[in-house]
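Listed below are the residues making up each chain.
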Amino acid sequence: MRSSLRRQLLHLATDLSALAAHPDDLGHGFDLLTRSYATPVAEAARAALRRNPAIAPLIRERYWGRWPSQAELLGLPEESLGHAYASWFAGAGSQPLPDPLLQAGSDGDDTWLHQRVRHTHDLWHVVCGCPPTAAGEAAMSAVNVMQLRWPGSAMLLGADLLNRCLEGPAASEVDVGQATAYGLELGRVSAPLLAQRWEQGWDRPLAEWREQLGITGLVVNSPFKAETPRG
């Protein structure tokens with residue numbers, strides 16, 4: 001095993017240990033994601049995404065549409081994707097996720113992939129009906145495992161489940177195990193979230209987007225349905 005990869009694995013193990021004890025440790029969480037991007041598993045995941053016929057056209061275009069301001073989105077009809085996203089974002093604290101940190105020399109396709117996934121993360125939360133809670137994040141990690149094959153998401157999910165083993169289920173929110181099962185099924189059933197041109201449909205009803213993705217029934221019966229606004 002190359003020494004550089006061995007060092008990365010040791011750092012990842014440290015991050016995992018910290019996250020198993022404290023799943024909300026953002027420092028170790030982002031460090032784990034950053035280090036995971038340089039692994040052979042991540043390269044295989046990116047190669048699979050580049051070959052995906054639904055996603056490849058967006059990669060070639062480096063597609064990026066207009067993201068209106070929060071005020072503009074809140075001015076859209078209440079049933080729209082844009083209004084639901086802006087409302088969710090406000091409830092989550094209105095703090096966008098930081099850009100991913102990639103290795104020097106990463107090519108344009110890889111940069112677009114990582115930035116697109118990071119930038120649309122909160123939007124995927126809305127579409128999938130997952131709140132900004134520990135269980136909601138676990139569900140989204142499970143979606144990423146199924147749809148992106150992201151190794152960092154798999155490790156974050158593993159840390160969440162280890163924490164559940166150590167601490168037991170949280171009394172105040174959806175059980176992480178149940179959230180994980182929901183996210184895995186969502187990721188399996190849904191059309192590729194990374195292939196969607198969300199910016200062309202801010203004013204479309206959220207319900208129509210879910211129907212297009214094939215997840216309406218799952219979201220209706222979501223373990224989070226009492227915690228998320230109706231769309």
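A quick note: this is a predicted structure, and the numbers were derived from the prediction, not measured.

## Regarding the packing of aromatic side chains
All chains considered together, the criterion is met by six aromatic pairs. Residues Trp 67 and Trp 202 carry aromatic rings whose centres are separated by 4.9 Å and whose planes lie at 75° to one another, so their mutual orientation is edge-to-face. Here Trp 202 lies in the loop between helix H11 (176–189) and helix H12 (206–213) and Trp 67 lies in the loop between helix H4 (56–61) and helix H5 (70–74), a separation of 135 residues in the sequence. Judged by its relative accessible area of 7%, Trp 202 is buried. Aromatic pair Trp 198 and Trp 209: ring centres 4.8 Å apart, planes at 45°, arrangement tilted. Here Trp 198 is found in the loop between H11 and H12, whereas its partner Trp 209 is found in helix H12, with 11 residues between them in sequence. The two residues Trp 198 and Trp 209 agree in class, both being buried. Three or more aromatic residues joined by ring pairs form one cluster here, namely Trp 67, Tyr 85, Phe 89 and Trp 202. Its guanidinium or amino end placed over the ring of Trp 64, Arg 116 lies 5.0 Å from that ring's centre, counting from NZ or CZ. Of note, Arg 197 hangs over the ring of Tyr 63, and the distance from its end group to the ring centre comes to 4.8 Å.

## Concerning the environment of Asp 160
On the secondary structure map, Asp 160 appears in helix H10 (residues 151–167). Along the backbone, Asp 160 and Ser 190 are 30 residues apart, and their C-alpha atoms lie at a distance of 23 Å. With sequence-adjacent residues up to four places away left out, Asp 160 is seen in contact with Pro 23, Ala 138 and Val 176.

## A look at the packing of H10 against H11
Relative orientation of the contacting elements H10 and H11 amounts to 150°, with a least axis distance of 9 Å. Judged by the inter-axis angle, H10 sits roughly antiparallel to H11. Residues Leu 157, Asp 160, Leu 161 and Arg 164 of H10 touch H11, and the partners they reach there are Val 176, Gly 177 and Thr 180. Of the residues in the contact of H10 with H11, the class split is three nonpolar, two polar and two charged.

## Brief notes about unusual backbone geometry
Its identity as a non-glycine residue notwithstanding, Arg 62 has a phi of 55°, on the positive side. With respect to the element layout, Arg 62 can be found in the loop between H4 and H5. Notably, Arg 149 is not glycine yet its phi reads approximately 60°, a positive angle. Here Arg 149 shows up in the loop between helix H9 (134–148) and H10. By relative accessible area, which is 47% here, Arg 149 ends up partly exposed.

## Let's talk about the pattern of salt bridges
Summed over all chains, the structure comprises 12 salt bridges. With a shortest N-O distance of 2.8 Å, Arg 197 and Glu 61 are connected by a salt bridge. Of this pair, Arg 197 sits in the loop between H11 and H12 while Glu 61 sits in helix H4, placing them 136 residues apart in sequence. For the salt bridge of Glu 199 with Arg 116, the shortest nitrogen-to-oxygen distance reads 2.7 Å. One end of the pair, Glu 199, is in the loop between H11 and H12; the other, Arg 116, is in helix H7 (residues 108–119), and 83 residues separate them in sequence.

## A few points about the confidence of the model for the chain
In the predicted model, the chain carries a mean pLDDT of 89, and 90% of its residues have values of at least 70. Model confidence for the chain, summarised as mean pLDDT per element, is weakest for helix H1 (residues 3–21) at 79 and strongest for H12 at 98.

What counts and what doesn't
Residues numbered from 1 in each chain as written. Predicted model: local features only at pLDDT ≥ 70, side-chain atom pairs only at ≥ 80, totals over all residues. Heavy atoms only, no water. Phe/Tyr/Trp six-rings, centres within 6.5 Å; stacked < 30°, edge-to-face > 60°. Helix = DSSP H or I, 4+ residues; strand = E, 2+ residues; numbered from the N terminus. Buried < 20%, exposed > 50% of the residue type's maximum accessible area, 1.4 Å probe, protein only. Lys NZ or Arg CZ within 6 Å of the ring centre and 35° of its normal. Contact = heavy atoms within 4.5 Å. Axes fitted to C-alpha atoms, helices over the stretch in contact; angles between N-to-C directions. Parallel < 35°, antiparallel > 145°, perpendicular 65-115°, else oblique. Nonpolar A, V, L, I, M, F, W, Y, C, P; charged D, E, K, R; others polar. Salt bridge = Lys/Arg side-chain N within 4 Å of Asp/Glu carboxyl O. pLDDT = per-residue confidence, 0-100.

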